[in-house]
Amino acid sequence: MVAPKTEEEILLMKENGILVSRTLAEVGKIIAPGVTTLELNRVAETFIRDHGAVPSFLGYDGFPAALCISVNDVVVHGFPSDYVLKDGDIVSVDCGTYYKGYNGDSAYTFAVGEVDPETAKLLEVTKASLYEGIAAAVDGNRVGDIGHAVQSYAESFGFSVVRELEGHGIGTRMHEAPGVPNYGRKGQGPKLRNGMTICIEPMINAGSKSVYLDKNGWAVRTADHKNAAHFELTVVVRKGHAEQLSTFDFIEC
Ligand code: MG
Ligand code: MG
């Protein structure tokens, strides 16, 4: 059984949620052809530390950077590098903060310049599938209701759901129970209760669902090397409808 958070804890988590959201927006401002992914990481780490927080990914199981930056066929867990973004790329930016004893965690996949129509559709559908999942994250539902909502939406457009990675509970630790898969059956899995804080994070592939681990031991790539998208928000389960603790509003305003 996963213990729901107190309202006091949820407020601290919301501070983290706002900070990761604003960090993603700062990164988004400079995404353009010609920029290296290391530069995105530098902007994020500076912004997080300037706000008195710690980039929680840095050093997590030995991860070497503040952001996971995953370009094109990299689904998640890419390293920032001297790779120069080019027109038509997509870049997934996953950001974690640790602040006042709690964690924030969110991700957004940005288009670099102009992307082809199928890729634009992949981004739109992956983000929309996240909101489908959030709509299912209500008191009394089960984790499988979230996965089912994400999966049925994404697959209805012919895209596929990565099975090897999933969302998660979040709190004083970045990854807490329950796991929140992006596929599943209605009515199955752990019960969702008012006050549980979870990250929902669809990882959706344009082609096949198969992925493999890069030889660097971190980056997860699509087996067919088609593009993958990743959007993540932190929410608190409530009665009736979930409350978002992080948001894309700062990016999309
Ligand atoms: Mg994340
Ligand atoms: Mg996460």
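Everything here concerns the structure above.
Small disclaimer: the values here were computed from a predicted structure and weren't measured. (Residues numbered from 1 in each chain as written. Chains lettered and ligands numbered in written order. Predicted model: local features only at pLDDT ≥ 70, side-chain atom pairs only at ≥ 80, totals over all residues. Heavy atoms only, no water.)

Topic: the overall build of the protein
- Tallying secondary structure elements over the protein gives 5 helices and 15 strands in all.
- Relative to a compact globule of 253 residues, whose C-alpha radius of gyration would be 18 Å, the protein shows 17 Å and is just as compact.
- Classification of the 253 residues of the protein by burial places 54% in the buried group.
- A gap of 6 Å separates the mean positions of the 23 positive and 33 negative side-chain charges of the protein. (Helix = DSSP H or I, 4+ residues; strand = E, 2+ residues; numbered from the N terminus. Rg over C-alpha atoms; globule rule 2.2 N^0.38 Å. Buried < 20%, exposed > 50% of the residue type's maximum accessible area, 1.4 Å probe, protein only. Lys, Arg positive; Asp, Glu negative; His and termini not counted. Charge placed at Lys NZ, Arg CZ, Asp CG, Glu CD.)

Brief notes about the side chain of S92
- Tracing the sequence through the fold places S92 in strand 4 (residues 90-99).
- Polar side-chain contacts of S92 include one of 2.8 Å to the side chain of T109.
- Excluding its chain neighbours within four sequence positions, the residues that come into contact with S92 are C68, I69, S70, V75, Y108, T109, A228, A229 and H230. (Polar contact = N/O pair within 3.5 Å; in protein donor to acceptor, adjacent residues only side chain to side chain. Contact = heavy atoms within 4.5 Å.)

Some thoughts on the coordination of the magnesium ion (ligand 1)
- The protein atoms that coordinate the magnesium ion (ligand 1) are D94 (OD), D94 (OD), D105 (OD) and E232 (OE), at distances spanning 2.0 to 2.6 Å.
- Separating the magnesium ion (ligand 1) from the magnesium ion (ligand 2) is a gap of 3.2 Å, which D105 spans by donating to each of them. Of the two residues, D105 sits in strand 5 (residues 102-111) while E232 sits in the loop between strand 13 (228-230) and strand 14 (233-236), which places them 127 residues apart along the sequence.
- Classification of D105 by relative accessible area gives buried; the value is 2%. (Donors = N, O, S within 2.8 Å, 3.2 Å for Na, K, Ca; no water.)

Overview of the packing of aromatic side chains
- Under the counting rule described, the total for this entry stands at 8 aromatic pairs.
- For the ring pair F63 and F79, a centre distance of 5.5 Å and an interplane angle of 75° mean the geometry is edge-to-face. With F63 in the loop between strand 1 (54-55) and strand 2 (67-71) and F79 in the loop between strand 3 (74-76) and strand 4, the pair connects residues that are 16 residues apart, well separated along the chain.
- In this structure F79 comes out as partly exposed when scored by relative accessible area, which is 29%.
- Here Y153 and F157 contribute two aromatic rings whose centre-to-centre distance is 5.0 Å and whose plane-to-plane angle is 55°, an arrangement assigned as tilted.
- Taking relative accessible area as the criterion, Y153 reaches 22% and is therefore assigned partly exposed.
- Grouping aromatic residues by their ring pairs yields a cluster made of Y108, F110, Y131, F231 and F248.
- Over the ring of F250 we find R22, and its NZ or CZ is 6.0 Å from the ring centre.
- Sitting over the ring of Y183, R163 keeps its end group 4.8 Å from the ring centre. (Phe/Tyr/Trp six-rings, centres within 6.5 Å; stacked < 30°, edge-to-face > 60°. Lys NZ or Arg CZ within 6 Å of the ring centre and 35° of its normal.)

What to know about the nonpolar core
- One finds I31, L40, V91, V93, I146, I198 and I200 to be the most contacted residues of the largest nonpolar core, which totals 52 residues.
- Apart from residues no more than four positions distant in its own chain, I198 is found in contact with A137, I146, H168, G169, I170, P178, V180, L192, L233, T234, V235 and V237. (Core = buried A, V, L, I, M, F, W, Y, C linked by side-chain atoms within 4.5 Å.)

Focus: the pairing of strand 8 (residues 176-180)
- When strand 7 (residues 167-169) meets strand 8, the two strands line up antiparallel, connected through 3 bridges. Note on strand 8: the bridge partner recorded for G169 is E176. (Pairing = 2+ DSSP bridges.)

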